[in-house]
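Listed below are the residues making up each chain.
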Amino acid sequence: MWIARIISLFVTYVLLGGMVAGAGLFWIIETYGNELPSREAVVNHQPATITRLHAADGTLIAEYASKHRLFIPIEAIPKRVQQAFISAEDKSFFEHPGINLMAVAKSIPNNLHRTLQGRRLVGSSTITQQVAKNFVVGDARAISRKLRELFTALEIEKEISKNDILEIYLNEIYFGQRAYGIAAAALLIFNKSVEELELHEAAYLAAVIKGPENYHPIEDAERAIERRNWVIGQMLENGFVSKAEAEAAQAMPIGAKLGAYRKVIVDSAPYFAEEVRKELVRDYGISEVNEGGLSVRTTVDLEMQAIADDVLRSGLLDYDKRHGYRGPLAQLDMSVNGWQQRIPQALSEIERPKGCDGWHMAAVLDVGARSAIVELEDGSQARIRLEDSLWAAEPRDKGAVGDEPDAMDQIVQPGDVVMVELAESLAGDRRLALLQQKPEVNGALVAMSPHTGRVVAMSGGWSFADSEWNRAVQARRQPGSTIKPFVFLAALDQGFSPRSQILDSPVVYEQPDGTIWRPGNYDGRFLGQQPMRVGLEKSRNLMTVRLASAVGMDTVTTYAKRFGIGDGFKPYLSSALGATEATLIDMTTAYAMLANGGRQIVPTFVDRIQDRKGKTLFRHDQRPCSSCSGGQWQDQAMPVLLDDRVQMADPVSIFQIQSMLRGVVERGTARNTVGKVVDRPVAGKTGTTNKYQDAWFVGFTPDLVVGTYIGFDTPRTLGRGEGGGSAAAPMFAEFVNRALDGTPPQDFRIPRGIVLTGVDPSTGMIAEGTDGILGDVLMEATRSDREFEQTYTDESGYITTERDGSTAGAKIF
């Protein structure tokens with residue numbers, strides 16, 4: 001009887017226990033099973049990934065990321081690399097439903113004990129459970145979080161494939177060295193792509209994720225190799241490698257190349273890269289830029305960019321040296337005993353000017369009549385010669401300088417701390433040093449294709465490290481006479497021709513706001529009646545103002561806005577002389593449309609943007625071309641691309657402006673600094689603002705347009721004579737010569753409707769009986785759709801057009 005009672009009690013307790021367990025299980029499922037992520041959250045999960053910028057040739061130039069992670073699809077990860085992680089982390093990954101019940105059971109006693117101690121739970125997590133951690137929030141030490149992870153893992157296994165789970169895992173995990181994901185780890189630790197990883201390298205990466213702080217490849221090499229070799233042993237046990245492969249891999253050193261990857265990034269276009277980053281943030285948002293894994297192919301040509309940076313810095317230095325030496329950076333205290341022995345330490349305590357890479361700080365030890373001895377930071381000595389320092393005159397007000405120094409002690413004194421550039425040659429018994437100083441003036445250079453608007457080079461200042469202010473796109477300055485071609489273009493479209501006669505004489509105007517304005521010429525002289533061409537070539541202000549008045553400032557304003565330089569352009573006659581504001585990128589783009597025959601372009605720093613999986617989000621060239629993506633070449637006809645760009649002005653007028661701007665270079669204000677230096681067809685215009693505050697030159701060949709600018713960030717005079725022709729044009733000439741070196745010269749394309757007629761360039765009159773070769777005959781571009789005509793302003797202020805003997809007049813005020 002007692003046996004039956006015991007059995008009855010046992011059954012009752014079992015049933016009650018089962019009911020309690022069932023109720024508990026039901027409560028757990030209801031509590032934690034309903035807090036699962038949505039299917040969309042799992043399927044569309046995208047970990048934060050690096051955005052990378054590439055130059056036009058594919059060179060990596062910048063990266064932006066909150067976490068250093070590169071996304072790589074599972075198909076691109078070699079099987080052996082996958083097997084290394086499976087062996088290290090979850091050898092039954094492809095068999096279990098998301099959790100390993102045997103491992104969970106084994107870990108329960110240990111985790112109960114750790115829970116009582118308030119310690120983090122460990123063990124038993126499958127790869128799927130580790131992926132589930134990305135979708136679960138809460139205290140990592142809590143049992144409730146572990147339960148949510150368990151249910152989430154089961155749900156993930158139902159929603160996506162094992163390969164998808166492994167892809168998320170390998171792109172999520174942290175490897176140390178700031179590397180998130182297998183692709184970033186391969187680069188940052190071994191400077192290799194995932195496809196290039198060898199067995200021992202893949203095994204180390206699989207080993208290190210257990211504790212990156214414990215398995216540093218250099219500082220903890222012995223422990224790291226032990227852990228790595230264990231992983232290789234697991235791969236052998238699982239049949240993923242042969243015994244010979246395992247033994248060979250276990251005998252290898254880790255072979256980490258920490259820091260090598262950073263050298264792959266060519267940080268040679270910082271202004272360019274920053275402008276692209278700003279555009280990406282504007283269009284896609286900061287989180288997408290730092291986490292979206294965008295792949296951006298920019299338009300920068302690194303060879304041209306290097307030339308642009310060098311040319312701009314050289315131009316700024318040349319200007320700076322024309323205006324004297326401003327003195328030492330500091331003065332060492334020579335009254336302290338042994339001050340010469342303390343020079344290296346003293347120099348290290350002085351703030352080094354930013355943007356002076358390649359130069360050295362030095363202290364002057366001894367000064368003679370013709371040279372000075374200096375000591376550098378490393379304790380070595382060099383010699384500065386007077387003959388190399390004749391530029392170092394005393395600066396005066398408004399850009400003027402004193403007399404050329406005739407002794408070294410007029411430049412430096414013992415104890416002076418100066419900047420020097422070391423030369424390769426020797427000066428007597430010491431290395432030659434050249435005295436330098438960081439320029440106060442600044443500037444910018446932009447180069448682009450006139451056919452596509454692709455910006456191939458942009459330098460926004462002396463040094464990005466010194467100032468991130470990009471003077472090519474952010475500085476709005478008065479463009480001066482670089483605005484004039486658009487006034488003359490408006491006139492040509494209204495029926496004027498390059499030989500139309502315009503009066504160059506004093507004039508007074510009443511502006512729309514009631515002010516009286518008396519414009520003058522740069523040189524203060526008056527040339528009288530001159531061909532319209534001369535007005536642009538010689539940059540005659542009074543001729544330009546008369547022409548703008550005749551055409552009408554409303555029309556001129558329309559043209560300025562049409563070419564993208566009309567922001568803030570007011571319909572005042574002073575605007576025709578550049579008394580408005582524009583950026584260098586805007587002016588360069590406007591000139592690009594003069595260079596390409598008048599077709600509208602939009603400047604771009606980016607060719608293409610792709611998302612992390614290669615889908616194209618943006619492409620600059622939107623021209624349709626169904627036959628451009630054909631497979632193999634089989635002698636088919638070349639694809640024909642439709643040019644549907646807007647025509648901004650009459651192509652004939654555009655060519656006439658090109659011809660007149662070539663005259664600026666060949667006979668006008670840029671003759672000495674561009675025309676005599678550049679040995680190829682080139683056109684352009686100088687620009688100088690009032691009081692020499694800004695100097696410009698924007699010019700072009702048939703296939704390249706370049707804009708240069710120089711001025712102080714806080715406007716002040718550059719000094720008398722420092723105009724566009726002397727300060728900015730030399731930079732243009734040097735850039736074109738170096739950038740196009742080795743390419744054959746190309747002449748400007750002549751559109752339909754143009755007839756070349758021989759004229760006297762000084763009068764605009766037809767050169768009778770010549771063929772355009774003899775003497776100073778100019779082959780003038782004239783319209784073929786009407787007879788040769790001449791327009792001029794007479795002394796009474798009338799513009800008169802002569803055609804077939806008839807005369808028509810229009811009064812200007």
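Placed above this text is the structure.
The shown structure was predicted, so the numbers you read here are calculated from the model rather than taken from an experiment.

**Student:** Just to check I follow, could you spell out the sheet that holds strand β22 (residues 704-711) for this structure?
**Tutor:** Whether parallel or antiparallel, the strands of a sheet pair through hydrogen bonds between backbone atoms. Pairing in this open sheet of 5 strands is antiparallel, and the strands run β13-β12-β22-β21-β20 from one edge to the other. The open sheet terminates on both sides in strands that have one partner only, identified here as β13 (455-459) and β20 (683-688). Strand-to-strand, the axes of this sheet are offset by a mean angle of 5 degrees, without reference to chain direction. The pairing of strand β21 (residues 694-701) with β22 spans 8 bridges and is antiparallel. Within β22, the position partnered with T701 by the bridge is L704. Sheet strands in contact with helix α21 (residues 651-666) are β20 and β21, and its direction is about 65 degrees off that of β20.

**Student:** Looking at this model, I keep getting lost on the sheet that holds strand β5 (residues 295-298). Mind explaining?
**Tutor:** With respect to topology, 5 strands assemble into an open sheet ordered β2-β1-β5-β18-β19, the strand pairing being mixed. What marks the edges here is a single partner per strand, and that holds for β2 (60-64) and β19 (616-619). Across the sheet, the axes of successive neighbouring strands diverge by a mean angle of 15 degrees, strand direction being ignored. Pairing analysis gives 4 bridges linking strand β1 (residues 51-54) to β2, with the strands arranged antiparallel. What sits directly across from L53, in β2, is A62.

**Student:** Where do I start with the packing of helix α16 (residues 484-493) against helix α19 (residues 553-562) in this structure?
**Tutor:** Axes are the key here: two packed helices are described by the angle between their axes and the distance separating the axes. At their nearest, the axes of α16 and α19 sit 9 Å apart, and the two run at 115 degrees to each other. Compared by their axis directions, α16 and α19 come out roughly perpendicular. In terms of crossing hand, the pair formed by α16 and α19 is right-handed. Counted together, F486, V487, L489, A490 and D493 of α16 and T555, V556 and Y559 of α19 form the full contact between these two elements. Considering only residue class, the contact of α16 with α19 consists of 6 nonpolar, 1 polar and 1 charged.

Rules used in this analysis
Residues numbered from 1 in each chain as written. Predicted model: local features only at pLDDT ≥ 70, side-chain atom pairs only at ≥ 80, totals over all residues. Heavy atoms only, no water. Pairing = 2+ DSSP bridges. Helix = DSSP H or I, 4+ residues; strand = E, 2+ residues; numbered from the N terminus. Axes fitted to C-alpha atoms, helices over the stretch in contact; angles between N-to-C directions. Contact = heavy atoms within 4.5 Å. Parallel < 35°, antiparallel > 145°, perpendicular 65-115°, else oblique. Left-handed = near helix turned anticlockwise from the far one by under 90°. Nonpolar A, V, L, I, M, F, W, Y, C, P; charged D, E, K, R; others polar.

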